[in-house]
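The residues making up each chain are set out below.
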Amino acid sequence: MKGNGIVVVGAQFGDEGKGKIVDMLAESADVIVRYAGGGNAGHTIVVGERTFKLHLLPSGVVRGKRSLMAAGMVIDPRLLAQELDELMRAGITIDPLILGIDVRAHLILPHHQSMELARSASTKAIGTTGKGIGPAYEDAAARSGLRFADFADKTRLAAKLPAYAAAKKRVIEAEAMASGATPSIPGDESVLEEYAALSQRLAPYACDASAEINESLGAGRTVIFEGAQGTFLDKSFGTYPFVTSSHPLSGGACVGAGVGPSSLTEVHGVVKAYSTRVGGGPFPTELAGDVADRLVEAGKEFGTTTGRRRRVGWLDACMLSRSQQLNGFTCGHLTKLDVLGGFSPLLIATSYTLPDGSTTTLFPADTELLDHLIVHYTELPGFDALAPSQWREVARLGASLGFAALPPAARAYVHAIGELTGIPLASVSVGPGRDEVIWANGSREEGHADAFFKTLSLE
Ligand code: IMP
Ligand code: MG
């Protein structure tokens, strides 16, 4: 029996609302897997009155589902311990029956954060989250990194850490000398002591997540592969060098979690109803001034991880069509549609004029071209701002009417997105909660869901 492998990917620059979608899908899943990235992610999940902000842990932990951190991740044990503490304080039990960490995942050490500080110029330009993500993936690629298996065995950690730390220190010092930055250099003894204590605490979670996922799928279970960041932050296909150091794309789920492509039965793209980007890099549809301020305020567009104000802009159909090519979405989830209430007209980018004078609908492969585009938009009439209770009423009607419950102009906007991007939208969110979602063909009850998604899936 073959199970369902469902990948959930951010279709833009991250922060599309993946946490909420994964949380909803998790209800009918057995295993939730994070396949890439680390503490740079910030997933907000609203359950009733409570809001959880997760960075490292898969969103499934909130529901008590088997949650796996896969080999493609880079794991900061300090951050993980903090996150576990916070959830435990909120009354959420996490034990090795719930959480598993692939022994192949790479370890983030304080040296990785110092390295980011040492390279202040490049990290500032990219606007990295400062969590040591890039340097940890560099070590992984250079075959010099420590992995969770090295960390989970205290004796091995004590044997490997000194030489590793000494090598890192030399590089940090050289980089700092060149940049003039003054990062703190982690002390050998204190790091070893702290990490030995963390090892004691976290070692019980060590597992072979890849084998477990494959066994689960083989037993007919449903596994959700939870993406972090977004398509245009992909190391190869994003707006390089303004990207993260992993592969957020749907294909990243295969190499990140250790499953074959044929295990993936559905690919869900999460699309925010407008665009945002945090950090540096090109953003063709970026807004400035009053409209930008209003959108930031309405959408509460401040980073979950760094608290930074996000850059905002109109939806970009060229980007999203490309996202569809890169990820092969079998369906999409439009989020934060309510935020656009009161903005009129609504613009969607549909083509670009390149510096050579030609016009194209294809998102350019060369990042440098992106700063020199003339963007062409289609304009749609806006719809009124509604109070949260009114949107909830729309969502309630949506349970029988589907998207027809939306105000006509909002519905036309949703329809235009589907047409322009080729992403078949399965749901539209009109608020942060689980009761503020409208499904294309009405409600998404247990059982109904599977049949519904089958109609959209690849086969
Ligand atoms: P890094 O992942 O910390 O190396 O940061 C590289 C770039 O990706 C920066 O522009 C970050 O702001 C951005 N980034 C990293 N993680 C996220 C995320 O989860 N959401 C949005 N942007 C992110
Ligand atoms: Mg986020």
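Residues numbered from 1 in each chain as written. Chains lettered and ligands numbered in written order. Predicted model: local features only at pLDDT ≥ 70, side-chain atom pairs only at ≥ 80, totals over all residues. Heavy atoms only, no water.

The predicted model of the chain has a mean per-residue pLDDT of 94, with 96% of residues at 70 or higher. Predicted confidence is poor over residues 445-459, with pLDDT under 50, and the contacts of this stretch with residues over four places away or in other chains come to 29 contacts. (pLDDT = per-residue confidence, 0-100. Contact = heavy atoms within 4.5 Å.)

The next point concerns the sheet that holds strand 11 (residues 266-272). Pairing is mixed across the open sheet formed by 10 strands, whose spatial order is 9-7-5-2-10-1-11-15-19-20. At either margin of the open sheet sits one strand with a lone partner, and together these are strand 9 (206-207) and strand 20 (437-439). Examined bridge by bridge, strand 11 and strand 15 (residues 331-335) share 5 bridges and lie parallel to one another. Bridged to Gly 269 within strand 15 is Gly 332. (Pairing = 2+ DSSP bridges. Helix = DSSP H or I, 4+ residues; strand = E, 2+ residues; numbered from the N terminus.)

Turning our eyes to something else, we now look at the site of ligand 1. Lining the immediate surroundings of ligand 1 are 16 residues, of which Asp 15, Asn 40, Thr 129, Thr 244 and Val 278 lie closest. Here a nitrogen atom of ligand 1 and a side-chain polar atom of Gln 229 are 3.2 Å apart. Across the complex, the protein chains shield 97% of the 470 Å² of accessible surface that ligand 1 would expose by itself. Taken together, the residues of the shell around ligand 1 sort by class into 6 nonpolar, 8 polar and 2 charged. (Near = heavy atom within 4 Å. Polar contact = N/O pair within 3.5 Å; in protein donor to acceptor, adjacent residues only side chain to side chain. Areas by Shrake-Rupley, 256 points an atom, 1.4 Å probe, with all protein chains shown as cover. Nonpolar A, V, L, I, M, F, W, Y, C, P; charged D, E, K, R; others polar.)

Let us now look at helix 12 (residues 317-327). Among the 11 residues that make up helix 12, 8 are buried, leaving the element largely enclosed by the rest of the structure. On its buried face, helix 12 sits against strand 1 (4-10), strand 11, strand 14 (315-316), strand 16 (346-353) and helix 14 (408-421). N-cap assignment for helix 12: the residue whose side-chain oxygen lies 2.9 Å from the backbone N of Cys 318 is Asp 316. In the stretch just after helix 12, Gly 328 is the one whose phi turns positive, near 60°. (Buried < 20%, exposed > 50% of the residue type's maximum accessible area, 1.4 Å probe, protein only.)

A few words on the pairing of strand 5 (residues 66-69). Of the two faces of strand 5, the one lined by Arg 66 and Leu 68 and the one lined by Ser 67 and Met 69 are each fully buried. Of the pairings in the sheet, the one linking strand 2 (residues 31-34) to strand 5 comprises 4 bridges and is parallel in character. Across the sheet, the residue bridging to Arg 34 is Met 69, located in strand 5. Pairing of strand 5 with strand 7 (residues 99-102) involves 3 bridges; the strand directions are parallel. Paired with Ser 67 across the bridge in strand 7 is Leu 99.

For the rest of this paragraph, the subject is the coordination of the magnesium ion (ligand 2). The protein atoms that coordinate the magnesium ion (ligand 2) are Asp 15 (OD) and Gly 42 (O), at distances of 2.0 to 2.4 Å. Here Asp 15 is found in the loop between strand 1 and helix 1 (18-26), whereas its partner Gly 42 is found in the loop between strand 2 and strand 3 (43-47), with 27 residues between them in sequence. Here Gly 42 falls in the buried class, since its relative accessible area comes to 16%. (Donors = N, O, S within 2.8 Å, 3.2 Å for Na, K, Ca; no water.)

Attention now goes to the packing of aromatic side chains. A full pass over the atoms with the stated rule returns 7 aromatic pairs. Aromatic pair Phe 151 and Tyr 195: ring centres 6.2 Å apart, planes at 80°, arrangement edge-to-face. Here Phe 151 is found in helix 6 (residues 148-152), whereas its partner Tyr 195 is found in helix 8 (residues 188-202), with 44 residues between them in sequence. The rings of Phe 13, Phe 232, Phe 283, Tyr 352 and Phe 363 are connected pair by pair, giving a single aromatic cluster. Lying over the aromatic face of Phe 343, Arg 294 brings its terminal NZ or CZ to 4.4 Å of the ring centre. (Phe/Tyr/Trp six-rings, centres within 6.5 Å; stacked < 30°, edge-to-face > 60°. Lys NZ or Arg CZ within 6 Å of the ring centre and 35° of its normal.)

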